[in-house]
Amino acid sequence: MSHVFEAQRAMRQRREAALRRGVVAVLDIGTTKIACLVLQFAPGTDTDDGAAPRGLTHGAFRVIGAATTRSRGVRCGEIVAMEETERAIRTAVQAAQKMAGVRVDHVIASFGGGAPRSYGLSGDIRVENGEVSEPDVGHVLAACDVPDYGMDREALHALPVNFTLDGRTGLIDPRGQIGNRLSVDMHLLTADAAPVHNILHCFRRCDLELAGLTVSSYAAGIAALVEDEQELGAACIDLGGGTSGLSIFAKRHMIYADSVPLGGHHVTSDICQGLHIPMAAAERIKTIHGGVMATGVDDRDLIEIPNPVQDNGQDRRQITRSELIGVIRPRMEEILEEIRDRLDASGFAYLQGQRVVLTGATAQIPGLDQLAARVLGRQVRIGKPLRVQGLPQAATGPGFAAAVGLALHASHPQDECWDFEMPSDRVGAKRVRRALRWFRENW
Amino acid sequence: MLPVKAPRDPAPSRIKYRLERLWLRPAIRNSVRIGLPLAALAWMLVSLALNPVVQKGVADKAMALRNQIAAHPGLMVKELRLNGVSGPMQARIIDHLELELPVSSMDLDLGAVQRQVTALDAVASAQVRLEGAGVLGISVTERVPVLLWRRTDGALNMLDENGVFVGLAESRAERVDLPIIAGDGADKAVAEARELLALSEPIAGRLRGLVRVGERRWTLVLNTGLRILLPETGATAALARVMALHEAEDILSRELARVDMRDRRRPILQLTPESLRELRRAQGIIIEEDV
């Protein structure tokens, strides 16, 4: 795990550098769109000092550039055509830079694919001096037994979720407390290595430095869940174009993440096939007339659909809205059922809060909250991202939850395993540094 | 009809993307926006300044402007006023200066005028100043000739008290008031010569002049042909002794050829042949061959 540790730590350092410079871009690589926000951090705002308030404080930065472009070369949240994706990223970054008027070198990115998988780890040590110190936290994090998640997967997040000190559990920060045994519950999130490496390489080709990589469901959860929901426990479902991400939060930490390779794109292709119309027309009809709850009025609501061979007005076809709903609804039900299975598997049922928040662009289909409530059997609301300063009106919809969440994540990242010093025997650092650390620990 | 042409790719090319990012660097942008025009301007100015035609034109313009200013009547010097100069000297100085009056004071190099005036032998020092109202004042301190120096080639030089050449004298008759010295290097011992002359005041009427011998010692020549040979050092003391002898025994009035004072212990007198014969005869020693 040490090479992951080093890579993530390097990313952290780049992020620190970016925050010091005051400008960082966040980039959400989705299946249908790539959204880029350029953030400017208030000068002199040290986001990582201990005095900074924890939680989602979003006054520390403002959005000075925002751009969205159609995503290309991305399927199910993963890059399938490097060149195309690179062009799309260049388009988005350039437009955002132009709006911001500053050059951006550091990028924090999120992506939806990679089949994220969550592991709950726990570690247990004896506290050395009676008082829990920072090295103790590092020790206990290092003591977690890492499952064999496979060679072809990368650890994206390792979040210490819960600390337990001598039977007292639910500690957020055990440092400075007195106790004997310190144990930790850690949430390790892994993703397929290939998509991750593709994204890294893609940014390298765009002359950008990656200062952080997250899964988009995590970012969407940060933005779309209000504080109470994060505290008590809630699930955020990010209904995207090619994937639908699921993240579960409790006690302000993400404790589970998963994704379903189904999304709005599949709805569009269903309409395309079911009504025999081009993809672009299907997308248009879906966004303008789409719905999932049929009413009596919908039988009389006629929608004109273009002819696939474009016969200049002859043979114009019309369908009723209920027919369209009849195409959309089964697919949405399928997606929601798939998510329900994942939710059930995650143990979400044991949490205090049972709130489900739908976000992502597909969540804008009218009536989806009622359908989701019926399918999932829980309270459902449609979540829009938090308002952040300077965000243009066009980027405040549910589709930008991941991008906004990334911005919040960039300004107030949660402590991860690699923020703590690892004990010297676990990390293959430079010899001098190892020797220094050994001295520090023993004298 | 389906669109045949592919829709335009909105993505920037890699070159364009890189250029745009480069352009967003403040250093690059400022240097291009401000530095480049400045550099071009500087280059243009330098190339203009190095162009000989332009250089000549600018110089001509500047010269014309300067001349226009210099021609202002308030700056014109119309009169030359010489202070402390005797009549013939005044003419010499004016001839020497060759100033074409009226001349603008801007064209006048006072330093050069001063150097020119002091370059004259008869001038010890000169002060040159613009006195206002178009007057150029030159205060001159003349060198006063105190000696005539007969050179080996026969020329008569007038020397001042420091032995500096003042001017040529046409003949002895021109300056009968001045004592005369002769011999190579006599001008370098003018001070000693003047002391000797002062000492020989009682015989001034009979003194023909002083001769510098071998550039080291003086000989006084009297008009009777009597020569007083003085030593290299202590010449004034020796002469004082001679004068004392003269006062006591009137030796210089006797028939002597020379009074040699080079031996400090005693003066050596040489008689003229006639007086020697007279002496012999008086003493009764008659030399046969003389008869």
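The structure presented is a predicted model; accordingly, all values stated were derived computationally and were not measured.

1. Concerning the overall build of chain B
Along the backbone of chain B there are eight helices and 14 strands. Taken across its 291 residues, chain B has 18% of its residues classed as buried. For chain B, the proportion of contacts with a sequence separation of at least 24, taken over those separated by at least 6, is 46%.

2. Here we look at the overall build of chain A
Along chain A, the regular secondary structure elements total 13 helices and 18 strands. Of all 443 residues assigned to chain A, the portion counted as buried reaches 46%. Counted over contacts in chain A with a minimum sequence separation of 6, partners at least 24 positions apart contribute 72%.

3. Focus on the sheet that holds strand 2 (residues 79-83) of chain B
Residues and elements named next belong to chain B. Read across the sheet, three strands follow the order 2-5-4 without closing on themselves; strand pairing throughout is mixed. Of all strands in the sheet, those bounded by a partner on one side alone are strand 2 and strand 4 (123-132). The average angle at which neighbouring strand axes cross in this sheet is 20°, direction not considered. Relative to strand 5 (residues 135-142), strand 4 runs antiparallel, the two being bridged by eight bridges.

4. Focus on the interface of chain B and chain A
Listed by partner, the interface residues are nine residues for chain B and nine residues for chain A. Tallied by class, residues from the side of chain B that touches chain A come to five nonpolar, no polar and four charged.

5. What about the packing of helix 7 (residues 264-275) of chain A against helix 8 (residues 279-289) of chain A?
How two helices sit against one another is set out by the angle between their axes and by the gap between those axes. Residue and element names in this part refer to chain A. At a closest axis distance of 8 Å, the pairing of helix 7 and helix 8 adopts a crossing angle of 115°. Judged by the inter-axis angle, helix 7 sits roughly perpendicular to helix 8. Viewed along their axes, helix 7 and helix 8 form a crossing whose handedness is right-handed. Side by side, helix 7 and helix 8 meet where Val 267, Thr 268, Ile 271, Cys 272 and Leu 275 of the first sit next to Met 279, Ala 282, Glu 283, Ile 285 and Lys 286 of the second. Classifying every residue of the contact of helix 7 with helix 8 by side-chain character gives seven nonpolar, one polar and two charged.

6. Points about the confidence of the model for chain B
Low pLDDT marks regions whose predicted coordinates should not be analysed in detail. Residue and element names in this part refer to chain B. Residues at a pLDDT of 70 or more form 97% of chain B, whose mean pLDDT is 83. For chain B, per-element mean pLDDT is lowest for helix 4 (residues 87-97), which scores 78, and highest for helix 2 (residues 26-50), which scores 92. Predicted complex, confidence summary: ipTM 0.75, pTM 0.67.

7. With respect to the nonpolar core
Ala 25, Leu 37 and Ala 407 of chain A are the most contacted members of the largest nonpolar core, which has 126 residues in total. Counting 37 residues, the second largest nonpolar core, distinct from the first, contains Val 123, Leu 147, Leu 148 and Val 242 of chain B.

8. Topic: the pairing of strand 8 (residues 153-165) of chain A
Residues and elements named next belong to chain A. Alignment of strand 8 against strand 10 (residues 181-192), held across eleven bridges, turns out to be antiparallel. Among the inter-strand pairings, Ala 158 is bridged to a residue of strand 10, identified as Leu 188. Relative to strand 9 (residues 168-171), strand 8 runs antiparallel, the two sharing two bridges. The residue bridging Phe 163 from the neighbouring strand is Leu 171, located in strand 9. Between strand 8 and strand 9, which follow one another and run antiparallel, lie two residues, and Asp 166 among them has a positive phi close to 55°.

9. Structural notes on the sheet that holds strand 7 (residues 117-126) of chain A
Residue and element names in this part refer to chain A. Read from one edge to the other, the open sheet built from four strands follows the order 7-10-8-9, with strand pairing classed as antiparallel. Each having just a single partner strand, strand 7 and strand 9 make up the two edges of the open sheet. Here the average twist between neighbouring strands, direction ignored, is 30°. Of the strands in this sheet, strand 7, strand 8 and strand 10 are in contact with helix 3 (residues 134-142), which crosses strand 10 at around 55°.

10. What to know about the pairing of strand 2 of chain B
All names here are of chain B. The element strand 2 is barely covered by neighbouring structure, given that only zero of its five residues are classed as buried. Both strand 2 and strand 5 contribute to a ladder of five bridges, which runs parallel. Directly across from Leu 82, in strand 5, lies its bridge partner Ile 138.

11. Observations concerning the environment of Arg 70 of chain A
Residues and elements named next belong to chain A. Looking at where Arg 70 falls in the secondary structure, it is placed in strand 3 (residues 61-70). On the neighbour-count criterion, Arg 70 (11 C-beta atoms within 10 Å) is exposed. As a C-alpha pair, Arg 70 and Ala 88 span 18 residues in sequence and 7.1 Å in three-dimensional space.

12. Details of the packing of helix 6 (residues 190-199) of chain B against helix 7 (residues 235-249) of chain B
All names here are of chain B. At a closest axis distance of 10 Å, the pairing of helix 6 and helix 7 adopts a crossing angle of 15°. With respect to helix 7, the axis of helix 6 lies roughly parallel. In this structure, helix 6 meets helix 7 at a crossing whose hand is right-handed. Between helix 6 and helix 7, the contacting residues are Glu 192, Glu 195, Leu 196 and Leu 199 on the first element and Ala 235, Thr 236, Leu 239, Ala 240 and Met 243 on the second. Residue composition of the contact of helix 6 with helix 7, by class: six nonpolar, one polar and two charged.

13. Digging into unusual backbone geometry
When glycine is set aside, most residues are seen to have a negative phi, and most peptide bonds are trans. Residue and element names in this part refer to chain A. Of note, the phi angle at Ala 115 is positive, near 45°, even though the residue is not glycine. With respect to the helices, strands and loops of the structure, Ala 115 is situated in the loop between strand 6 (106-111) and strand 7. On the neighbour-count criterion, Ala 115 (18 C-beta atoms within 10 Å) is partly exposed. Not every positive phi belongs to a glycine, and Arg 252 is a case in point at roughly 65°. Tracing the backbone shows Arg 252 in the loop between strand 13 (244-250) and strand 14 (253-260).

14. Structural notes on the confidence of the model for chain A
Per-residue pLDDT for chain A averages 86, and the proportion of residues at 70 or more is 91%. Predicted confidence is poor over residues 44-59 of chain A, with pLDDT under 50, and the contacts of this stretch with residues over four places away or in other chains come to 19 contacts.

15. Observations regarding the environment of Leu 159 of chain A
Residue and element names in this part refer to chain A. Tracing the backbone shows Leu 159 in strand 8. Residue classification places Leu 159 among the partly exposed positions, given that 18 C-beta atoms sit within 10 Å. Remark: the alpha-carbon pair of Leu 159 and Trp 418, spanning 259 residues in sequence, is separated by 9.1 Å. When neighbours within four sequence positions are excluded, Leu 159 is seen to be in contact with Met 186, His 187, His 253, Met 254, Gln 414 and Glu 416.

16. Re the environment of Glu 86 of chain A
Residue and element names in this part refer to chain A. For Glu 86, the position within the fold is in helix 2 (residues 82-100). Placed 15 residues apart in sequence, Glu 86 and Ser 71 show a C-alpha to C-alpha distance of 9.9 Å. Those residues in contact with Glu 86, other than ones at most four positions away along the chain, are Cys 202, Arg 205 and Cys 206.

Conventions and cut-offs
Residues numbered from 1 in each chain as written. Chains lettered and ligands numbered in written order. Predicted model: local features only at pLDDT ≥ 70, side-chain atom pairs only at ≥ 80, totals over all residues. Helix = DSSP H or I, 4+ residues; strand = E, 2+ residues; numbered from the N terminus. Buried ≥ 20, exposed ≤ 12 C-beta atoms within 10 Å, placed from the backbone. Contact = placed C-beta atoms within 7 Å. Pairing = 2+ DSSP bridges. Axes fitted to C-alpha atoms, helices over the stretch in contact; angles between N-to-C directions. Nonpolar A, V, L, I, M, F, W, Y, C, P; charged D, E, K, R; others polar. Parallel < 35°, antiparallel > 145°, perpendicular 65-115°, else oblique. Left-handed = near helix turned anticlockwise from the far one by under 90°. pLDDT = per-residue confidence, 0-100. Core = buried A, V, L, I, M, F, W, Y, C linked by C-beta atoms within 7 Å.

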